[in-house]
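Examination of the molecular architecture
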Amino acid sequence: MKKLVPTKRVDWINTAFLFLITLLALIAAPIYLWHHGMNAFQTGMFVFYVLATGMSITLGYHRLFSHLSFKAKWPVRLFTLVFGACAFENSVINWASDHRRHHKHTDHDDDPYDISKGFFWAHIGWILFKVLPEPPLDNVADLRKDRLVMWQAKWDKVIALTVGLMLPAALGYLHGGPTGALGGFLIAGVLRVFVVQQCTFFINSLCHTIGRQPYSTKCSARDSFLMSLFTFGEGYHNYHHEFQHDYRNGVKPWNFDPTKWAIWCLSKVGLASNLRRVPHAKILLAEVNEARRRAEAELARVAASEDTAWKESASEAIEKLLEQLADCYQALEESVADKVKLSREAAERWSREIREVLEHLGEIRQLRLPQLA
Ligand SMILES: [Zn+2]
Ligand SMILES: [Zn+2]
């Protein structure tokens, strides 16, 4: 049975902080903008801080430290640790520990942001309430060996306050006096913290609620192009949950995944290495598996239909699609077992075949609707 939301265990520090940030971002920042507007300096500082802190969470906290999906030289680790702290999302040790438990226990009680406890809980509720006894930090022993990580764990609140809030205010003062200081604090500081935090929270809530599940329906994670726009490419969450150690979340070349592009660029200048990629055949195999599951579910639905003539023709069509998928599955499975790299042409062919089967399946569903009316 699910544990109830621990309403009697409010984390007052987190709650007060988030309440204050929200109030300042939604009321004080717009009042400032109404009176003083946004000059080029304030705009530049806001954009820099959104990118630096947002990407430090996705590229650093998430893909580098939580999933070890690539290796990074110290300047990258230091940058993402400093600006990751400025997102006010805790130290990387705590963040990665929660996140690793999220992957291990997705949709179950031990998942800190378990979506089955409701959208609000997954989005922000889990931060407002303490879970007692506090889960041990027993899954981040590897991170404790990194001296930079341990340094950040000691100073993350100080870094967040000085670099995340006081520095933009100081830079604003140098550029525009006291009004500039207030602008720097409210826009590049507070409003930016609010924006980046909400984007991160959406990954835990919306990315487990809206979108497609092309790789697996084992858990609630979903792929959404729309969400990738607000999350530096983390919107391809269905793929990510199936293959969490891949440095790419948007694995298709056309997927919008700025974090993946940034890691690739860092590797080209020698600041990142050992980029982990799941072989193409393995990814396609997951897609075929999912397509088969859908076709079988459709076949079961058709079998339950009362319309005998329709049942026969639709079943026959779906059986054919299943045969096609079985051939595809076999070829891909052999390629995975023998560790044979799939040629680009073969990958494109199988990919096209899976797409066509899913389209046919959709057409069969569409045709069935008038029969049911
Ligand atoms: Zn997730
Ligand atoms: Zn993850």
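Residues numbered from 1 in each chain as written. Chains lettered and ligands numbered in written order. Predicted model: local features only at pLDDT ≥ 70, side-chain atom pairs only at ≥ 80, totals over all residues.

A look at the overall build of the protein chain
When its secondary structure is counted, the protein chain shows 13 helices and two strands. Taken along the three principal axes of its C-alpha coordinates, the protein chain extends 80 × 50 × 45 Å. Classification of the 373 residues of the protein chain by burial places 39% in the buried group. Counting contacts in the protein chain only where the partners sit at least 6 residues apart, residues at least 24 apart contribute 69% of the total. (Helix = DSSP H or I, 4+ residues; strand = E, 2+ residues; numbered from the N terminus. Buried ≥ 20, exposed ≤ 12 C-beta atoms within 10 Å, placed from the backbone. Contact = placed C-beta atoms within 7 Å.)

Some points on the nonpolar core
The biggest cluster of nonpolar side chains holds 49 residues, and the ones touching the most others in it are A29, V92, A96, L186 and V190. Of all the secondary structure elements, the ones that give two or more residues to this core are α1 (12-36), α2 (40-66), α3 (74-85), α4 (92-104) and α7 (147-205). Of all the elements, α7 adds the most residues to this core, at 13 residues. If we ignore the near neighbours within four places in the chain, the residues touching V190 are I21, L24, A25, A29 and F185. Grouped together as the second largest cluster of nonpolar side chains are 24 residues, Y236, I318, L342 and L361 included. (Core = buried A, V, L, I, M, F, W, Y, C linked by C-beta atoms within 7 Å.)

Details of the domain arrangement of the protein chain
Along its sequence, the protein chain is carved into domain 1 (12-273) and domain 2 (280-372). Across the boundary between the two partners, domain 1 contributes six residues, which contact five residues of domain 2. Tallied by class, residues from the side of domain 1 that touches domain 2 come to three nonpolar, two polar and one charged. (Domains from an automatic or database assignment. Nonpolar A, V, L, I, M, F, W, Y, C, P; charged D, E, K, R; others polar.)

Points about the environment of Q366
In this fold, Q366 is placed in helix α13 (residues 344-372). Between the alpha carbons of Q366 and V336 there is a distance of 35 Å; along the sequence they are 30 residues apart.

Overview of helix α10 (residues 258-268)
Residues of α10 that are buried: T259, K260 and I263. Buried residues along α10 cover an arc of 105° about the axis, so they all sit on one side. For α10, exposure combined with an orientation more than 90 degrees from the buried face picks out C265 and K268. On the buried face of α10, the contacting elements are α2 and β2 (272-273). (Arc of directions from axis to C-beta.)

As for the packing of α3 against α7
Direction vectors running N to C along α3 and α7 enclose 45°, while the axes themselves pass 7 Å from each other. With respect to their mutual orientation, α3 and α7 come out oblique. Seen along the crossing, α3 lies across α7 with a hand that is right-handed. Within the contact between the two elements, α3 uses W74, R77, L78, L81, V82 and A85 and α7 uses L148, V149, Q152, D156, I159, A160 and V163. Of the residues that constitute the contact of α3 with α7, the class distribution is ten nonpolar, one polar and two charged. (Axes fitted to C-alpha atoms, helices over the stretch in contact; angles between N-to-C directions. Parallel < 35°, antiparallel > 145°, perpendicular 65-115°, else oblique. Left-handed = near helix turned anticlockwise from the far one by under 90°.)

Here's the deal with the packing of α2 against α7
Where α2 contacts α7, the two axes come as close as 9 Å, and the packing angle between them is 35°. α7 is crossed by α2, and the crossing has right-handed handedness. Partitioned by chemical class, the residues of the contact of α2 with α7 number 13 nonpolar, eight polar and one charged.

Observations concerning the environment of V158
In this structure, V158 sits in helix α7. Between the C-alpha atom of V158 and that of C86, which follows or precedes it by 72 residues, the distance is 9.3 Å.

Thoughts on the environment of W310
With respect to the helices, strands and loops of the structure, W310 is situated in helix α12 (residues 308-337). Classification of W310 by C-beta neighbours within 10 Å gives partly exposed; the count is 16. Considered as a pair, W310 and R144 are 166 residues apart in the sequence and their alpha carbons are 62 Å apart.

Considering unusual backbone geometry
One non-glycine residue with positive phi stands out, namely L68, at about 50°. As for its placement among the helices and strands, L68 is situated in the loop between α2 and β1 (71-72). A positive phi angle, near 55°, is found at F88, a position not held by glycine.

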